[in-house]
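Survey of secondary and tertiary structure
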Amino acid sequence: MTDRDKVEEFLLKELTHVSPFNPDKDFEKVNKYKNGNFGISSLAFSLYSNGNNPRGASSLHKYGLVYEDGKSIFSISFFKKKEDDKNGYLFVVAPTGSAIVDKVNTFIQRVFSNKELPIQGVYIRYLDLNLYVEFIKKGYLPVKEYPFCPESPEEDETFNNCLVKIDDVVILDGKERRVNKIHHLEGDSGKKVKYAYARFRNFLQRNDIKYRLESLTGKNAVQALDVITSHFDMLTRQGKRAGSSIEDHINSISSKILKNEACVGLLGFLGKFPVSVFVGESISPDTFALYTPFTLRDESVLTNLTGAVWNADERIGLSAMSTFAYVELFSLLKQKGYEYVNLGGSEFSDLNKFKRQLGGALKPSYWVYQSRALHTKSNTAAVLL
């Protein structure tokens, strides 16, 4: 039994309104709370509360737990900072609904009252500004004072240039895409998407190859996993920082997620070779949230994949494939009726810069933290008063 198993066993046995999250059955339960918050969706719950990550492995509940009482909801999980740490942290994702601050506070009090649980604190994430202020008034602490990850105090909410208006990036004209200059960006930054799209389009034409997106299904999920694995292997080999892991995205390509009509999974091909995975979900009538977005762009990976050796002329423009893939995705989502794409926040400034160049406007969200010791102390003081 893992430490997370122990926490989940207690939560399911002792706390009302807590149950295992099953995205193929519970998505309608989540849908009624959607309000444009990136953290409120079946995919968000399945990713941010996943039980696949070794730092928070669950034997039974790979999609995490959920609290839902008919009027409010939040996702629940447990993670450690390092796999071999003695204690870990409870995570509450996107609490939403009536009297939600009081409900979360009571929930946390109940968890902290069990001294046998290997929990030393709680992180609450995907808060809007109003909820953030309410939790601070309750005695919760700004997460920057107690970061889960020192380099990225709010993990992939540390930087938040994430909301893209599709028409700012690309206009559909029949089968053609007219890629725009991003007008709210200064200087040449606004032209980078336009130029990158043209470079890769020229690469395709020069080498007589096509890039296409097709639906992600149970039949090609193995290919999607190969793309995700190759992406993280590339980051490791190049010594680049990665805020998430392969295990964090396994749930995104599961059949349980893809059964939800609000979810869209796509596999991108360069010729006959899979190179992209995009999985997301509607979070409002006009906004699509993207949770799993990977496109292979490392030349050595593509050489191994295709068996081709690209000479200097042939590979010109190859590095722009990721930007091209995003524009193709935006175009497809526009055809489906979406006006906006929320790309999610970023752990690191370089990834945030890429999202800004894609047109990402600022849409912040917030974390708070409370330690078991401070929470117990403050509540004891309140009782004495």
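Residues numbered from 1 in each chain as written. Predicted model: local features only at pLDDT ≥ 70, side-chain atom pairs only at ≥ 80, totals over all residues. Heavy atoms only, no water.

Some remarks on the packing of helix 4 (residues 100–112) against helix 5 (residues 129–137)
Running from amino to carboxyl end, helix 4 crosses helix 5 at an angle of 50°, the nearest separation of the two axes being 10 Å. Compared by their axis directions, helix 4 and helix 5 come out oblique. In this structure, helix 4 meets helix 5 at a crossing whose hand is right-handed. Within the contact between the two elements, helix 4 uses I100, V101 and V104 and helix 5 uses L131, E134 and F135. Split into classes, the residues belonging to the contact of helix 4 with helix 5 amount to five nonpolar, no polar and one charged. (Axes fitted to C-alpha atoms, helices over the stretch in contact; angles between N-to-C directions. Helix = DSSP H or I, 4+ residues; strand = E, 2+ residues; numbered from the N terminus. Parallel < 35°, antiparallel > 145°, perpendicular 65-115°, else oblique. Left-handed = near helix turned anticlockwise from the far one by under 90°. Contact = heavy atoms within 4.5 Å. Nonpolar A, V, L, I, M, F, W, Y, C, P; charged D, E, K, R; others polar.)

Some points on the sheet that holds strand 16 (residues 366–371)
Reading across from one edge, 1-2-3-4-5-16-6 is the order of the seven strands in this open sheet, with mixed pairing throughout. The strands lining the two open edges of the sheet, one partner per strand, are strand 1 (18–20) and strand 6 (141–142). Of the strands in this sheet, strand 4 (88–97), strand 5 (119–127), strand 6 and strand 16 are in contact with helix 5, which crosses strand 16 at around 20°. (Pairing = 2+ DSSP bridges.)

Quick word on the sheet that holds strand 10 (residues 211–215)
Overall, mixed pairing links the seven strands, which are arranged 10-11-12-13-14-7-15 in an open sheet. Looking at strand neighbours, the two that pair on one side only are strand 10 and strand 15 (361–362), the edges of this open sheet. As judged from the three bridges shared by strand 13 (residues 287–295) and strand 14 (residues 340–342), these two strands associate in the parallel manner. If you follow T287 over to strand 14, its bridge partner there is Y340. Packing against the sheet, helix 8 (residues 221–237) makes contact with strand 11 (263–270), strand 12 (273–284) and strand 13, and its axis sits at approximately 100° to strand 12.

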